[in-house]
Amino acid sequence: MNQYETVFILTPVLSDEQMKEAVAKFRKLLTDNGAEILNEEAWGLKKLAYNIQKKSSGFYALLEFNAEPSVIDTLETGFRRDEKVIRYITVKQDKYSAAYAEKRRAKWAAKKEA
């Protein structure tokens, strides 16, 4: 199994509840296909660098997970079929980026506790 990180942007016309449902849908898609979710972050509504589909902002979400390479095709097909997703990127992490992600998660957890 490889470690992956995916960031996707959801359309800004969604309510917070609809945004959480969309993220839960992709989390469920991953776990149903045998992936192990390591981290999930909702970065909230952010301004885009340039307009996408005539929208200047979007809800950002990050998922870090361990999965087989075949799961990525299924996930990206789900992104393409969902009209709520306006952009996505999935990256396979090497040992250095995985170590950095682990440090970032630990720092984020310590910040939440304080």
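About the criteria used
- Residues numbered from 1 in each chain as written.
- Predicted model: local features only at pLDDT ≥ 70, side-chain atom pairs only at ≥ 80, totals over all residues.
- Heavy atoms only, no water.
- pLDDT = per-residue confidence, 0-100.
- Helix = DSSP H or I, 4+ residues; strand = E, 2+ residues; numbered from the N terminus.
- Phe/Tyr/Trp six-rings, centres within 6.5 Å; stacked < 30°, edge-to-face > 60°.
- Buried < 20%, exposed > 50% of the residue type's maximum accessible area, 1.4 Å probe, protein only.
- Pairing = 2+ DSSP bridges.
- Axes fitted to C-alpha atoms, helices over the stretch in contact; angles between N-to-C directions.

## Observations concerning the confidence of the model for the protein
Averaged over the protein, the pLDDT score is 92; the fraction of residues at 70 or greater is 99%. Across the protein, the secondary-structure element scoring lowest on mean pLDDT is helix α3 (residues 95-113), at 86, and the one scoring highest is strand β4 (residues 85-92), at 96.

## Here's the deal with the packing of aromatic side chains
Summed over the entire model, instances satisfying the criterion amount to six aromatic pairs. Measuring from ring centre to ring centre gives 5.0 Å for F8 and F79, while their planes differ by 40°; the resulting arrangement is tilted. Taken as a pair, F8 in strand β1 (residues 2-10) and F79 in helix α2 (residues 69-81) lie far apart in primary sequence, 71 residues in all. By relative accessible area, F8 is classed as buried at 0%. An aromatic cluster is present here, built from F8, F26, F79 and Y88 joined pairwise through their rings.

## Re the sheet that holds strand β3 (residues 55-67)
Read across the sheet, four strands follow the order β2-β3-β1-β4 without closing on themselves; strand pairing throughout is antiparallel. Two strands close off the open sheet at either side, each with one partner strand: β2 (36-52) and β4. Here the average twist between neighbouring strands, direction ignored, is 20°. Of the strand pairs in this sheet, β2 and β3 are connected by 11 bridges, and their pairing is antiparallel. Residue G44 lies in a different strand from β3, and its bridge partner there is Y60.

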